[in-house]
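# Topology and contacts: notes
Here is what each chain is made of, one letter per residue.
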Amino acid sequence: HAVVLLHRHIYNFLQAQYGPQKESSIVFPRDESWLSDAIKIYLQNRLPGMSVNREPQVSVAFCVDDHDTAGNADLLVEATTEKGYKCTVYIEVKCNFNPQACTNVGKQLRDKYMSQRKDSAGIFLVGCYAAPTWIDCDPQKKRIRKAVATVSGMQNVLDAQMTALGDPPEISVLAIDCGLVAN
């Protein structure tokens, strides 16, 4: 049931009223903020005792350029060890229909969020959407490049970004399957 609830959180389900899909569900993904919320809920349930914050709760006190004033990581996970050492993990969440998913591991995650905190780590997470009933007229669906239409294709693109960055050990990249499953 948890998978079904997650899909209801990250997808819009509409009952078709007209056309060839009448009497079936029309499906299209919600934006990245919904995916970030779902991941936050998952992490809070799986990591009790750790702080998991979601933007705009997360604030980075600097910006890389004048065009990006938000300065917020999507998720921030913090934990303190018994000896008082603080561990910080920034998580940047993208969807495979966002063109920045193919380019922003270095610029956004490493250079923007992690550069001021040498004791931090980062995860660049991309949700890969594919649903047979995803409506063709949705502009998000049209933005997905063929190379990133699958989880393995997106993971290959992310791995190539990591190689170009010199495979920094403090950053992990992950493509996750946000496709619909049968109940």
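Residues numbered from 1 in each chain as written. Predicted model: local features only at pLDDT ≥ 70, side-chain atom pairs only at ≥ 80, totals over all residues. Heavy atoms only, no water.

Position of Leu43 among the secondary structure elements: in helix α2 (residues 32-46). Separated by 34 residues in sequence, Leu43 and Val77 have C-alpha atoms that sit 8.7 Å apart. If near-sequence neighbours (up to four positions away) are discounted, Leu43 is found in contact with Val52, Val77 and Ile91. (Helix = DSSP H or I, 4+ residues; strand = E, 2+ residues; numbered from the N terminus. Contact = heavy atoms within 4.5 Å.)

Going through the model one piece at a time under the given rule, you end up with zero disulfides. There is no disulfide at Cys128, and the cysteine sulfur nearest it, in Cys178, is 7.1 Å away. Residue Cys128 is classed as buried on the basis of its relative accessible area, which comes to 3%. (Disulfide = S-S within 2.5 Å. Buried < 20%, exposed > 50% of the residue type's maximum accessible area, 1.4 Å probe, protein only.)

Time to look at the side chain of Gln161. Position of Gln161 relative to the elements: it lies in helix α5 (residues 151-164). Given the relative accessible area of 11%, Gln161 is considered buried. Within the structure, Gln161 has its side chain in polar contact with the backbone oxygen of Ala101 (distance 3.1 Å). Those residues in contact with Gln161 that sit more than four places away from it in its chain are Ala101, Cys102, Thr103, Asn104 and Val105. (Polar contact = N/O pair within 3.5 Å; in protein donor to acceptor, adjacent residues only side chain to side chain.)

Below, the discussion takes up α2. Along its 15 residues, α2 runs 21 Å from first to last C-alpha, staying within 8% of the 21 Å computed at 1.5 Å per residue. All of the buried residues in α2 are Glu32, Leu35, Ser36, Ala38, Ile39, Lys40 and Leu43. (Expected span 1.5 Å × (residues − 1).)

Here we come to the sheet that holds strand β5 (residues 86-95). Taken in spatial order, the five strands of this open sheet run β3-β4-β5-β6-β7, and their pairing is mixed. Edge positions in the open sheet fall to β3 (51-54) and β7 (171-177), since each of these has one partner strand only. Strand-to-strand twist of the sheet, defined as the mean angle between neighbouring strand axes without regard to direction, takes the value 20°. In the sheet, β3 pairs with strand β4 (residues 75-80) via four bridges, with the strands oriented antiparallel. Across the sheet, Asn53 pairs through a bridge with Leu76, a residue of β4. Against the sheet, α5 touches β6 (120-128) and β7, its axis set at about 170° to β7. (Pairing = 2+ DSSP bridges. Axes fitted to C-alpha atoms, helices over the stretch in contact; angles between N-to-C directions.)

Formed by 39 residues in total, the largest nonpolar core has its most connected members in Leu35, Ile91, Tyr129, Met154 and Leu158. Broken down by secondary-structure element, the contributors of at least two residues to this core are α2, β4, β5, α3 (104-114), β6, α5 and β7. By residue number, the principal contributor to this core is β5, which donates five residues. (Core = buried A, V, L, I, M, F, W, Y, C linked by side-chain atoms within 4.5 Å.)

On to the environment of Ala101, then. Among the structural elements, Ala101 can be located in the loop between β5 and α3. Accessibility expressed as a relative area gives 0% for Ala101, which makes it buried. In the structure, Ala101 is positioned 57 residues away from Leu158 in sequence and 8.1 Å away in space, judged by C-alpha atoms.

Here we come to the pairing of β5. In terms of residue burial, β5 counts as a mostly covered element, since eight of its 10 residues are buried. Note that β4 and β5 share six bridges and pair antiparallel. In the strand pairing of β5, Thr80 is matched with Lys86. Linkage of β4 to β5, two consecutive antiparallel strands, is achieved through a turn of five residues, within which Gly84 is found at a positive phi near 90°. Across eight bridges, β5 lies against β6 in parallel orientation. In the strand pairing of β6, Cys95 is matched with Gly127. A crossover connection joins β5 to the parallel β6 through α3; in handedness this β-α-β unit is right-handed. (Right-handed = clockwise from strand over helix to strand, strands pointing away.)

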